[in-house]
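Here is what each chain is made of, one letter per residue.
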Amino acid sequence: MGTYNKGIIGAFSGKVGPVVGASWRGKEILRSLPKKSNRIATPEQALHRMKFTAVISFLNPIHPIISRYYGNNQGEKSRINRAMSYHMKEVVQYADPEYTFAYNKVQVSKGYLPGIEGGLVASTIANTLTFNWNDNSGQGEAQATDALVVAVYEPSSKQWVYSLSVANRNTTTGTFVLPPTFSGTTVEVWVLFASVDEKKYATSTYLGNVLVS
């Protein structure tokens, strides 16, 4: 892959002969077309592809959370790249015949803002999660106005739902209404706090699983 400066005709995208032109992260790039291969993947290669696909499928639905709150973009390595790398190494695990996830190791965000303190989640109202926590405003850079971000995963349907603002840090409680189809299922729950301008955010906290009323 190479980059190029725009000439008098400007940049181009698409295929021209054996070359493809495109724009990537603000740069104009040229790359050659991949060669077709008839080689059969080894068992190890096939498992790695399955692993990669499993992680992509798991994280894609919460792209809006990860793209906002997972560390910082570093050069050509985006927040999504960093989240992929972490989950490939630390979270996904093979349980024949498929890959599963160690939910207690999952991170939907990674930052340095103080996170939730004394966080609890329960479901006593139909299709609703109720959250309670301690107000730790003033601890470090924690502000009363920080928003509680919630991410919920239902394993049997492999469905995510989330909210970028359930309540403020100083309210110490909040509720999140789930889809009716989640009733009677056990869901996995993660939370974090993010500043109003979304420039500061906490590493997510796993609150465990809960049976939805």
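Preceding block: the structure.
On a predicted model such as this, the values are computed, not experimentally measured, just so you know.

Read across the open sheet, the 3 strands follow the order β7-β8-β11; overall the sheet is antiparallel. Strands at the two margins of the open sheet, each flanked by one partner only, are β7 (117-125) and β11 (173-177). Going from strand to strand, the sheet's axes swing by 20° on average, the running direction of each strand aside. Sheet topology places β7 next to strand β8 (residues 128-134); 5 bridges connect them, and they run antiparallel. In the sheet register, E117 faces β8, and the bridge partner there is N134.

With that settled, consider the packing of aromatic side chains. Within this structure, the stated rule accounts for 11 aromatic pairs. Judged by centre distance (6.0 Å) and plane angle (50°), the ring pair of Y103 and Y153 falls under tilted. Taken as a pair, Y103 in the loop between β6 (98-101) and β7 and Y153 in strand β9 (residues 147-154) lie far apart in primary sequence, 50 residues in all. On the basis of relative accessible area, Y153 is assigned to the buried category, the value being 6%. Measuring from ring centre to ring centre gives 5.3 Å for W160 and W190, while their planes differ by 40°; the resulting arrangement is tilted. In this pair, W160 is assigned in strand β10 (residues 159-163) and W190 in strand β12 (residues 186-194), connecting sequence segments 30 residues apart. Side by side, W160 and W190 carry an identical accessibility label, which is buried. Among the aromatic side chains, those forming a connected cluster through ring pairs are F58, F101, Y103, Y153, W160, W190 and Y206. Here the guanidinium or amino end of R169 rests over the ring plane of F193, the centre of that ring lying 4.1 Å away.

The next point concerns the pattern of salt bridges. Scanning the entire structure with this criterion turns up 3 salt bridges. Its salt-bridge partner being E198, residue R68 comes within 3.3 Å of it at the nearest N-O pair. On the criterion of sequence distance, the pair formed by R68 in helix α2 (residues 63-69) and E198 in the loop between β12 and β13 (205-211) is long-range, its members being 130 residues apart. Its salt-bridge partner being R169, residue D146 comes within 2.8 Å of it at the nearest N-O pair. In this pair, D146 sits in the loop between β8 and β9 while R169 sits in the loop between β10 and β11, placing the two residues 23 residues apart along the sequence. What makes D146 buried here is its relative accessible area of 1%. By relative accessible area, which is 0% here, R169 ends up buried.

Let us now look at the packing of helix α1 (residues 43-59) against helix α3 (residues 79-90). Direction vectors running N to C along α1 and α3 enclose 125°, while the axes themselves pass 10 Å from each other. With respect to their mutual orientation, α1 and α3 come out oblique. For the element pair α1 and α3, the recorded crossing hand is right-handed. Facing H48, K51, F52, V55, I56 and L59 of α1, the residues of α3 in contact are A83, M84, H87 and M88. A breakdown of the residues in the contact of α1 with α3 according to their chemical character gives 7 nonpolar, 2 polar and 1 charged.

Analysis parameters
- Residues numbered from 1 in each chain as written.
- Predicted model: local features only at pLDDT ≥ 70, side-chain atom pairs only at ≥ 80, totals over all residues.
- Heavy atoms only, no water.
- Pairing = 2+ DSSP bridges.
- Helix = DSSP H or I, 4+ residues; strand = E, 2+ residues; numbered from the N terminus.
- Axes fitted to C-alpha atoms, helices over the stretch in contact; angles between N-to-C directions.
- Phe/Tyr/Trp six-rings, centres within 6.5 Å; stacked < 30°, edge-to-face > 60°.
- Buried < 20%, exposed > 50% of the residue type's maximum accessible area, 1.4 Å probe, protein only.
- Lys NZ or Arg CZ within 6 Å of the ring centre and 35° of its normal.
- Salt bridge = Lys/Arg side-chain N within 4 Å of Asp/Glu carboxyl O.
- Parallel < 35°, antiparallel > 145°, perpendicular 65-115°, else oblique.
- Left-handed = near helix turned anticlockwise from the far one by under 90°.
- Contact = heavy atoms within 4.5 Å.
- Nonpolar A, V, L, I, M, F, W, Y, C, P; charged D, E, K, R; others polar.

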